[in-house]
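Structural description and commentary
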Amino acid sequence: PGEEAARALLRTVLGPDGVAGTPLITHAEIVATATELSAHLLQVDDCWVQPPGAFAESLSRSAGENGGVWLGNPTLPAAGPLGSVRIRGALGGAPFFVGGERHALMVFTVAPRAWTRADHVVLRQAAAELGSALEATHGHQRTPAQEARARYDELRSELLTVLNHELRTPLTALSA
């Protein structure tokens, strides 16, 4: 699709009327939606979110020098069952922030390619919309410890309800 159509689609799918506005949606579901849509729009083989760390920081510095996006055709070292190999392909990324931490939306194709201006715009827009969607839902997300505590509370409440019912049933029969 055209640049403007891709931007509008990203805004619609990831924005407040899309997944970011869906009650009880998890960050994992938002990321999955964003990466699938971005991979499709950019016609790449893989798309993922790079978590905060040295790589995201390094990419962000490089992206800052290139209008907020880094796209290239590097040769990457990789280890396989037969030893070390070099992978040639096209790699890119755009940084975004969630909760004050820098992440990066990454894309990869197996074959080298010439990145276009539209690719830059779509990747930058996808990262911005993903960051906004995650930031908008950041306060609504539970940590794994909070999820475990909530599940514990649910199970405890259910157990007490069942025990209360089971204890009352024989007492009712005896009093009759």
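The preceding data block contains the structure.
Residue numbers run consecutively from 1 along every chain, following the written order of its sequence. This being a predicted model, a pLDDT of at least 70 is required before a residue's local features are given, and a value of 80 or more before pairs of side-chain atoms are given or counted; all residues contribute to the totals for chains, interfaces and linings. Hydrogens and water are ignored here; the side-chain numbers use all heavy atoms of the structure.

Each helix is a run of H or I in the DSSP string that is no shorter than four residues. Each strand is a run of E no shorter than two, and both are numbered from the N terminus. Within the secondary structure layout, Glu36 lies in helix α2 (residues 27-42). Of the residues examined, Glu36 reaches a relative accessible area of 58% and is grouped as exposed. With ten residues separating them along the chain, Glu36 and Asp46 place their C-alpha atoms 8.6 Å apart. A simple rule labels every residue: compare its accessible area, found with a 1.4 Å probe on the protein chains alone, to the largest value its type can have, and call it buried under 20%, exposed over 50%, or partly exposed in between.

Summarising the element assignment, Glu129 is placed in helix α4 (residues 117-138). Excluding residues within four positions of it along the chain, Glu129 makes contact with Leu10, Arg11 and Leu14. We call two residues in contact whenever any of their non-hydrogen atoms come within 4.5 Å of each other.

Here the focus is the pattern of salt bridges. Throughout this description, the term salt bridge denotes a Lys or Arg side-chain nitrogen within 4 Å of a carboxyl oxygen of Asp or Glu. This structure, assessed with the given rule, holds five salt bridges. The partner of Arg113 in a salt bridge is Asp119, and the shortest N-O contact between them spans 2.9 Å. Overall, Arg113 belongs to the partly exposed group, its relative accessible area being 22%. Here Glu154 makes a salt bridge to Arg151, at a shortest N to O gap of 3.4 Å. Of the two residues, Glu154 and Arg151 both sit in helix α5 (residues 144-175), three residues apart, roughly one turn of that helix. A residue is classified by how much of its surface remains accessible, and Arg151, at 46% relative accessible area, is partly exposed.

Below, the discussion takes up the nonpolar core. One recurring pattern in soluble globular proteins is that nonpolar side chains are buried together. Among the nonpolar cores identified, the biggest contains 30 residues, and Leu10, Ile30, Phe96, Leu105, Val107, Leu123 and Leu130 are the most heavily contacted of them. For this core, the elements supplying multiple residues, two or more each, are α1 (3-14), α2, β5 (90-98), β6 (101-109) and α4. In terms of residues, this core owes the most to one element, α4, which gives seven residues. If we skip the residues at most four places from it in the chain, Val107 touches Leu42, Val44, Asp46, Cys47, Trp48, Leu71, Ala90, Leu91, Gly92, Trp115 and Leu123. What is meant by a nonpolar core is a set of buried Ala, Val, Leu, Ile, Met, Phe, Trp, Tyr and Cys residues, joined one to another through side-chain atoms within 4.5 Å.

Think of it this way: DSSP has to see at least two bridges between two strands before they count as a pair. On the basis of which strands lie adjacent, the open sheet formed by four strands has the order β1-β6-β5-β2 and antiparallel pairing. In this open sheet, the two strands that pair with only one neighbour each are β1 (46-50) and β2 (70-72). When strand polarity is set aside, the average angle formed by the axes of neighbouring strands in this sheet is 15°. For β5 and β6, the ladder comprises nine bridges, and the chain directions are antiparallel. Each residue of the ladder has a partner; that of Leu91, found in β6, is Phe108. The sheet contacts of α2 involve β1 and β6, and relative to β1 the element is tilted by about 140°. Relative to the sheet, α4 contacts β1, β2, β5 and β6, its axis offset from that of β5 by approximately 30°. Lines fitted to C-alpha atoms define the axes, with helix axes restricted to the stretch in contact, and inter-axis angles between N-to-C directions lie between 0 and 180 degrees.

Where α1 meets α2, the closest approach of the two axes is 11 Å, and the angle between their N-to-C directions is 165°. As summarised for this structure, α1 and α2 are arranged roughly antiparallel, according to the angle between their axes. As α1 runs across α2, the sense of the crossing is right-handed. Between α1 and α2, the contacting residues are Ala6, Leu9, Leu10, Val13 and Leu14 on the first element and Ile30, Thr33, Ala34, Leu37, Ser38 and Leu41 on the second. Classification convention: Asp, Glu, Lys, Arg as charged; Ala, Val, Leu, Ile, Met, Phe, Trp, Tyr, Cys, Pro as nonpolar; all other residues, Gly among them, as polar. Of the residues that constitute the contact of α1 with α2, the class distribution is nine nonpolar, two polar and no charged. Any angle that is under 35 degrees is reported as roughly parallel, and any over 145 degrees as roughly antiparallel; angles of 65 to 115 degrees are reported as roughly perpendicular and all others as oblique. Helix crossings are classified by the rotation of the near helix relative to the far one: an anticlockwise turn of less than a right angle makes the crossing left-handed, while a clockwise turn makes it right-handed.

Take α1 next. An ideal rise of 1.5 Å per residue puts 16 Å on twelve residues; α1 measures up with 16 Å between its terminal C-alpha atoms. Packing partners of the buried residues in α1 comprise α2 and α4. Under the convention used throughout, the expected extent of a helix is 1.5 Å for every residue step, that is, one less than its residue count.

A few words on unusual backbone geometry. A positive phi angle is found at Gln43, which is not glycine, with a value near 55°. One can find Gln43 in the loop between α2 and β1. Given a relative accessible area of 68%, Gln43 falls into the exposed group.

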